Amino acid sequence: MKFMKLGSKPDQFHSDGENIRYIATELASDITIIVGDVKFYVHKFPLVSKCSLLQKLVAELSDDEINLSSIPGGPAAFEICTKFCYNMVVTLNAYNVVLARCASEFLGMHENVEKGNLVYKIDVFLSSCIFRTWKDSIVVLQTTKSFVPWSQELNIISCCVGSIASKATMGPSKVKWSYTYNRKKLPSGIEYDSQWNGQHVVPKDWWVEDLCELSIEPYKEVIIAIRATGVLAPDAIGGSLIAYASKKLPGLSHGSIQGVDVEKSRYLVDSISYLLPKEKGSVSCGFLLSLLHSSIILNCKETAREELMLSISRQLEDSTISDLLFSSPNGEMALYNMDVLHKLVRLFVDRTRVMDESLDDPEIGDASKTKVAKLVDDYLAEAARDPSLSSSQFISLAEMVSGFPRSNHDAIYQAIDMYLKEHPDLPKIEKRRICQLMDCRKLSTAACSHAVQNDRLPMRVVVQVMFFQQAQSAAANGGQTPGFPGLLPRGSYGSSRSATTNSDDDWDVDHDELKDHRQSKTTSDSRSSNVDKASRRKMRIFARFWSNKDRTGEHSSSDTSDSPASTSAEEAKEMIKAAGQIANQMKKKLQLTR
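Cut-offs and rules
Residues numbered from 1 in each chain as written. Predicted model: local features only at pLDDT ≥ 70, side-chain atom pairs only at ≥ 80, totals over all residues. Heavy atoms only, no water. Helix = DSSP H or I, 4+ residues; strand = E, 2+ residues; numbered from the N terminus. Buried < 20%, exposed > 50% of the residue type's maximum accessible area, 1.4 Å probe, protein only. Contact = heavy atoms within 4.5 Å. Areas by Shrake-Rupley, 256 points an atom, 1.4 Å probe, with all protein chains shown as cover. Salt bridge = Lys/Arg side-chain N within 4 Å of Asp/Glu carboxyl O. Axes fitted to C-alpha atoms, helices over the stretch in contact; angles between N-to-C directions. Parallel < 35°, antiparallel > 145°, perpendicular 65-115°, else oblique. Left-handed = near helix turned anticlockwise from the far one by under 90°. Nonpolar A, V, L, I, M, F, W, Y, C, P; charged D, E, K, R; others polar. Pairing = 2+ DSSP bridges. Expected span 1.5 Å × (residues − 1). Core = buried A, V, L, I, M, F, W, Y, C linked by side-chain atoms within 4.5 Å. Patch = residues over 30% accessible without salt bridge, like charges linked within 9 Å, V, L, I, M, F, W, Y side chains within 5 Å. Lys, Arg positive; Asp, Glu negative; His and termini not counted. Charge placed at Lys NZ, Arg CZ, Asp CG, Glu CD. Phe/Tyr/Trp six-rings, centres within 6.5 Å; stacked < 30°, edge-to-face > 60°. Polar contact = N/O pair within 3.5 Å; in protein donor to acceptor, adjacent residues only side chain to side chain.

Undergrad: I'd like a rundown of the overall build of the protein chain, residues and numbers included.
TA: Each helix and strand in the protein chain was counted, giving 26 helices and 9 strands. For the protein chain, the residues scored as buried account for 47% of the 594 residues in total. Sequence separation of at least 24 residues holds for 71% of the intrachain contacts in the protein chain that already meet a minimum separation of 6. Of the accessible surface of the protein chain, which amounts to about 29,200 Å², a share of 50% is contributed by carbon and sulfur atoms.

As structure tokens, then:
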């Protein structure tokens with residue numbers, strides 16, 4: 001650390017208690033200067049010869065006391081200036097130079113009063129030493145917050161900010177000064193990168209840790225100045241923000257803010273949110289979500305939260321379930337704040353629409369949509385454990401990504417199964433609505449095996465899965481299967497479709513029989529290869545009956561099909577008869593198997 005020593009005489013200041021300071025000389029003091037609670041017993045001549053303010057006050061003095069309680073820096077600053085006037089030894093460094101500079105300005109210790117006065121000497125020290133030193137500039141900038149607006153008017157803040165920003169944007173190969181660096185990578189996982197400066201290896205983010213010593217106001221000014229240069233990449237600035245937030249907001253990564261100063265924490269979160277680069281990937285999605293969580297807890301500005309959500313939606317596919325499980329606000333029974341994810345997914349969906357319509361920005365591809373769909377499915381599986389989660393909330397979130405591509409529907413099936421397990425008293429109609437979220441044709445073999453033995457699913461869904469298994473088996477054995485339509489209509493981007501479903505009583509098959517049928521699947525599969533043409537015809541009629549029933553049922557919506565089915569009364573009777581025969585055959589086979 002740089003320092004400057006002024007004066008040559010020994011220090012002759014003495015104390016008499018805590019509130020009295022005097023100079024031990026043969027001459028008695030002839031003036032008393034009051035600064036706050038401290039009285040200084042000094043002599044007029046040394047002070048008046050260097051301070052224009054005291055020249056004026058002494059000329060107007062009616063008694064022997066002058067009150068200078070408004071001097072910046074208080075008693076400590078006045079003592080430094082007084083020692084300089086007496087030519088006593090005084091040492092200036094990065095910690096007290098701002099204090100001395102503001103006090104000397106207040107007292108008017110300029111060159112027009114006496115050559116080589118204190119203001120001139122301090123300005124030379126600042127420009128030739130402090131502003132050229134990395135760590136001293138940071139220390140000085142930190143001390144300026146106690147002397148605003150003096151430090152602003154004297155351009156000390158702007159000079160410090162400019163010095164720090166210019167050094168931070170230098171290439172690592174030019175760094176010849178000391179800095180603090182105690183880690184190989186930032187909390188966000190930014191890769192360690194470094195360059196040789198001729199003496200040792202210098203990491204690219206060498207400047208980040210020292211800036212964490214600044215309070216938020218000077219830190220903001222430095223980051224704004226660094227960003228204005230355009231030299232550093234957005235992810236470098238983002239790395240600095242992550243490191244700063246990790247130090248100033250303990251517990252941020254865990255979605256909680258430690259400490260009792262809510263106002264200070266709120267201002268920190270709002271300020272960091274404001275400083276975030278707009279470029280995608282400049283900070284991790286996990287950090288953005290932690291910041292959003294803190295913003296909600298601290299009730300930060302609505303505009304800051306909206307900007308955070310927009311940033312998160314641009315890289316939502318990179319988030320994890322643990323990042324998205326926001327605790328519910330105080331006073332609510334729900335375990336998780338599902339409204340947050342609902343808004344984030346809505347922003348993502350809206351953005352995909354815009355991108356799809358423009359056809360000139362491949363930023364959001366099928367891979368991102370698939371990740372978001374899987375994310376929502378996994379989130380629903382976790383949120384389904386909440387007994388207070390309504391079916392409408394569950395369905396609303398799931399339907400928002402129903403049109404997104406998926407390799408299979410196993411994840412949404414797991415979410416549905418968990419919800420039915422935790423909500424055993426759910427009405428049948430709600431069970432059917434929830435089960436419409438999955439497509440039985442897209443379940444894996446393992447998921448199908450679980451579904452046919454799942455007594456929580458509506459009977460119709462279980463039979464649908466069994467039919468799909470049989471159709472797959474027939475196709476695998478070289479047989480022909482009818483073109484089976486989507487048994488559970490799917491929406492797109494949140495459109496809600498409904499279809500007529502048979503009631504559970506329409507199927508004269510119980511779950512025990514279905515389980516036995518599943519256990520005897522090997523025997524049934526071997527017999528299925530000998531099914532005659534009449535059985536195949538019945539199966540095709542059954543499929544056609546089901547398809548037409550879904551499209552023309554009393555609950556079907558206008559968007560279920562492009563045109564209504566036109567089936568004659570005779571055909572309908574034949575289909576119903578065939579469906580009944582198939583159901584009876586299935587029951588008989590199950591009884592024989594048992």
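Undergrad: Please give an account of the pattern of salt bridges that cites residues and values.
TA: This model, assessed by the stated rule, comprises 18 salt bridges. Of the charged contacts, one joins K83 and D11 as a salt bridge, the two residues approaching to 2.9 Å between their closest N and O atoms. Of the two residues, K83 is situated in helix α3 (residues 74-85) and D11 in the loop between β1 (3-6) and β2 (13-15); the sequence distance between them amounts to 72 residues. Note on K83: relative accessible area 12%, which makes it buried. Salt bridges sharing partners connect three or more residues here, namely D11, R21, E79 and K83.

Undergrad: Outline the packing of helix α17 (residues 366-383) against helix α19 (residues 410-422), supporting the account with residue identities and numerical values.
TA: Angle between the axes and distance between the axes: these two values describe a pair of packed helices. At a minimum axis distance of 8 Å, the contact between α17 and α19 shows a crossing angle of 20 degrees. Considering their axes alone, α17 and α19 lie roughly parallel with respect to each other. The two elements α17 and α19 cross, and the hand of that crossing is left-handed. Residues K374, D377, D378, L380 and A381 of α17 pack against A411, I412, A415 and M418 of α19. Looking at side-chain class alone, the contact of α17 with α19 contains 6 nonpolar, no polar and 3 charged residues.

Undergrad: Residues and numbers for the sheet that holds strand β3 (residues 20-23), please.
TA: Spatially, the 5 strands line up as an open sheet ordered β2-β3-β5-β4-β6, and their pairing is mixed. Taken across any chain shown, the strands that pair with only one partner, and hence form the sheet edges, are β2 and β6 (65-67). Between one strand axis and the next, the sheet turns through 25 degrees on average, direction left out of account. Relative to strand β5 (residues 38-42), strand β4 (residues 31-35) runs antiparallel, the two sharing 5 bridges. What sits directly across from I33, in β5, is F40. In the packing of α3 onto the sheet, the strands contacted are β2, β3, β4 and β5, and the crossing angle to β5 comes to about 10 degrees.

Undergrad: Got a sec to walk through helix α11 (residues 234-248)? Specific residues and values, please.
TA: Taking 1.5 Å as the rise per residue, α11 with 15 residues should run 21 Å; its terminal C-alpha atoms sit 21 Å apart, in good agreement. All buried positions along α11 are accounted for by I237, G238, G239, S240, L241, I242, A243, Y244 and A245. Those residues of α11 hidden inside the fold are in contact with α9 (208-211), α10 (216-229), α12 (262-275) and α13 (285-297).

Undergrad: Which residues make up the nonpolar core, and what are the values?
TA: By size, the foremost hydrophobic cluster in this structure holds 147 residues, and its most contacted members are I33, L211 and F394. Among all residues touching I33, those that are not within four sequence positions of it are V38, K39, F40, V42, L54, I66, L68 and F78.

Undergrad: Which residues make up helix α20 (residues 428-435), and what are the values?
TA: Those residues of α20 lying buried are E430, K431, R432, I434 and C435. In this structure, the buried side of α20 is in contact with α18 (391-400), α19 and α22 (459-476).

Undergrad: Residues and numbers for a negative patch on the surface, please.
TA: Taken together, the side chains of D30, D63, D64 and E65 make up a negatively charged region of the molecular surface. On the secondary structure map, D63 appears in the loop between α2 (52-59) and β6.

Undergrad: Account for the packing of aromatic side chains, naming residues and giving values.
TA: For the structure on display, the rule yields 9 aromatic pairs. Taking 4.9 Å as the distance between ring centres and 40 degrees as the angle between the ring planes, the aromatic pair formed by F394 and Y419 counts as tilted. Residue F394 is found in helix α18, and its partner Y419 is found in helix α19; the two are separated by 25 residues along the sequence. Side by side, F394 and Y419 carry an identical accessibility label, which is buried.

Undergrad: If you had to explain unusual backbone geometry to someone new, which residues and values would you point to?
TA: Of the consecutive residues V148 and P149, the connecting peptide bond is found in the cis state with omega at 10 degrees. Its place among the elements puts P149 in the loop between α6 (134-143) and α7 (150-153). The phi dihedral of N87 falls on the positive side, at around 60 degrees, and the residue is not glycine. Among the structural elements, N87 can be located in the loop between α3 and β7 (90-93).

Undergrad: Can you tell me about the environment of N96, naming the residues and giving the values?
TA: Turning to its location among the elements, N96 is positioned in the loop between β7 and α4 (97-107). Since its relative accessible area comes to 17%, N96 is described here as buried. A sequence separation of 43 residues divides N96 from V139, and the C-alpha atoms of the two residues are 9.9 Å apart. Once residues within four sequence positions are removed from consideration, N96 is found in contact with I80 and T91. Of note is the side chain of N96, whose polar atom sits 2.8 Å from the backbone nitrogen of N93.

Undergrad: Explain the environment of M355 to me, using residue names and the numbers behind them.
TA: Mapped onto the secondary structure, M355 falls in helix α16 (residues 338-358). For M355, a relative accessible area of 15% corresponds to the buried category. Along the chain, M355 and G365 lie 10 residues apart, while their C-alpha atoms are 9.3 Å from each other.

Undergrad: Now, about the pairing of β5: what can you tell me, with residues and values included?
TA: Only one face of β5 is covered, namely the one carrying V38, F40 and V42; the face carrying K39 and Y41 has none of its residues buried. Bridging between β3 and β5 involves 3 bridges; their strand directions are parallel. Along β5, the bridge assignment pairs Y22 with Y41. Counted between consecutive antiparallel strands, the loop separating β4 from β5 contains 2 residues, among which G36 sits at a positive phi close to 65 degrees.

Undergrad: How would you explain the pairing of β7 if you had to name every residue and give the values?
TA: Taking every second residue as pointing to the same face, the buried face of β7 carries V90 and L92, while none of T91 and N93 on the other face is buried. Sheet topology places β1 next to β7; 4 bridges connect them, and they run antiparallel. When the sheet's bridge partners are listed, L6 is paired in β7 with V90.

The values are spatial; any link to function lies outside them.
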